[in-house]
Amino acid sequence: VCLKELDKYVRLYEIIANASHTDNAIKQALFNINKLQITVAYPLLLQIFLDFNENKISKNVVLEILDTVESYRMRRQVCELGTSGEDKLLAGLYRRIDQENDQTYIESVKAILQSQQGKRRFPKDDEFLAKLRWVDMYWKKNTNYPLLKLENFLRLVKEPLLGDVEGIEVEHVLPQNPNPPDCWKEALGKNWQDKQKANVNRLGNLTITKMNPENSD
């Protein structure tokens, strides 16, 4: 029995860590979790997927919880709150879930995260949007994450961009080159260096492209 239980968790772990679920919506959600490197959520997700496999919860519950965990990390990262305490919080969260029905399952997870205070807080919309407009979004490890999210949201076709799409790179509209072409200097005007430095890594100046080498300045 112990080996069977272990095998069950190993299989679930592989699905989560590799974002290899057969359902495309769940697969995309797991990719987002892994793109943000939220490995501290794996103990929670193992229990969530176990409940899902045993038909205790619906697919919608799984997607809502994955989206909530993703949002929690993304908002905290943009608001520069760090990750301290997330491991203990997420590891112990499953025991606090109200499992009466799908609705209470989802609402209890959201309520627990939204009730956190101080450095563990779940930033509200106004705080998050204020930071998003100004924060340096050119993260070396997951720079393309917010851009892929925007691309998938705005895509006219139904199929999202799943996984690390081959050939996609992050490109600056206003060049990050400290000595950009004269046309950029003229467009920026007086104190162009300060304006370039202040704006070059903001979300509005970043895009994803498959032609990065050709677009570089």
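What comes next concerns the included structure. (Residues numbered from 1 in each chain as written. Predicted model: local features only at pLDDT ≥ 70, side-chain atom pairs only at ≥ 80, totals over all residues. Heavy atoms only, no water.)

1. As for the overall build of the chain
Scanning the chain from N- to C-terminus turns up eleven helices and two strands. Listed by position from the N terminus, the elements making up the chain come as α-α-α-α-α-α-α-α-β-α-α-β-α. Counting the 217 residues in the chain, one finds 43% classified as buried. Pairs at least 24 residues apart make up 69% of the contacts formed inside the chain by residues separated by at least 6 positions. Of the roughly 12,900 Å² of accessible surface on the chain, 51% is carried by carbon and sulfur atoms. (Helix = DSSP H or I, 4+ residues; strand = E, 2+ residues; numbered from the N terminus. Buried < 20%, exposed > 50% of the residue type's maximum accessible area, 1.4 Å probe, protein only. Contact = heavy atoms within 4.5 Å. Areas by Shrake-Rupley, 256 points an atom, 1.4 Å probe, with all protein chains shown as cover.)

2. Examining helix H6 (residues 102–114)
Taking 1.5 Å of rise per residue, the 13 residues of H6 would be expected to cover 18 Å, and the 18 Å separating its terminal C-alpha atoms lies within 8% of that figure. Taken as a whole, H6 has its buried residues at Thr 104, Tyr 105, Ile 106, Ser 108, Val 109, Ile 112 and Leu 113. In this fold, the buried residues of H6 make contact with helix H3 (42–53), helix H4 (59–78) and helix H5 (86–91). The backbone nitrogen of Gln 103 lies 3.0 Å from a side-chain oxygen of the residue at the head of H6, namely Asn 101. (Expected span 1.5 Å × (residues − 1). Polar contact = N/O pair within 3.5 Å; in protein donor to acceptor, adjacent residues only side chain to side chain.)

3. Some words on unusual backbone geometry
Phi at Ala 19 takes a positive value of approximately 45 degrees, unusual for a residue other than glycine. A positive phi angle, near 60 degrees, is found at Gln 37, a position not held by glycine. Examined against the element boundaries, Gln 37 turns out to sit in the loop between helix H2 (24–35) and H3.

4. Quick notes on the layout of surface pockets
Considered as a void within the structure, the largest pocket measures approximately 340 Å³ in volume. If you go around the largest pocket, you meet 14 residues; those closest to its centre are Glu 70, Met 74, Phe 128, Tyr 145 and Lys 149. Of all the secondary structure elements, the ones that give two or more residues to the lining of the largest pocket are H4, helix H7 (125–132) and helix H8 (144–154). Looking at side-chain class alone, the lining of the largest pocket contains nine nonpolar, one polar and four charged residues. (1 Å grid on protein atoms, 1.4 Å probe; cavity = no way out; pocket = protein on both sides within 12 Å on 5 of 7 lines; lining within 4 Å. Points joined across faces, edges and corners; volume = space filled by probe spheres on them. Nonpolar A, V, L, I, M, F, W, Y, C, P; charged D, E, K, R; others polar.)

5. Points about H8
Here H8 has its buried residues at Asn 144, Tyr 145, Pro 146, Leu 147 and Leu 148. In this structure, the buried residues of H8 make contact with H2, H4, strand E1 (169–172) and strand E2 (206–209).

6. Details of the nonpolar core
In a soluble, globular protein the nonpolar side chains are often hidden away together inside. One finds Ile 48, Phe 49, Leu 66 and Met 137 to be the most contacted residues of the largest nonpolar core, which totals 53 residues. For Leu 66, the contacting residues outside a window of four places in its chain are Ile 26, Ala 29, Leu 30, Ile 33, Leu 45 and Phe 49. (Core = buried A, V, L, I, M, F, W, Y, C linked by side-chain atoms within 4.5 Å.)

7. Considerations on the packing of aromatic side chains
With the rule as written, the count across this model stands at two aromatic pairs. When the centroid spacing of 5.5 Å and the interplanar angle of 85 degrees are considered together, the rings of Tyr 13 and Tyr 42 count as edge-to-face. Residue Tyr 13 is located in helix H1 (residues 2–18), and its partner Tyr 42 is located in helix H3; the two are separated by 29 residues in the primary sequence. On the accessibility criterion, Tyr 13 (42% relative accessible area) is partly exposed. Overall, the relative accessible area of 8% leaves Tyr 42 in the buried class. (Phe/Tyr/Trp six-rings, centres within 6.5 Å; stacked < 30°, edge-to-face > 60°.)

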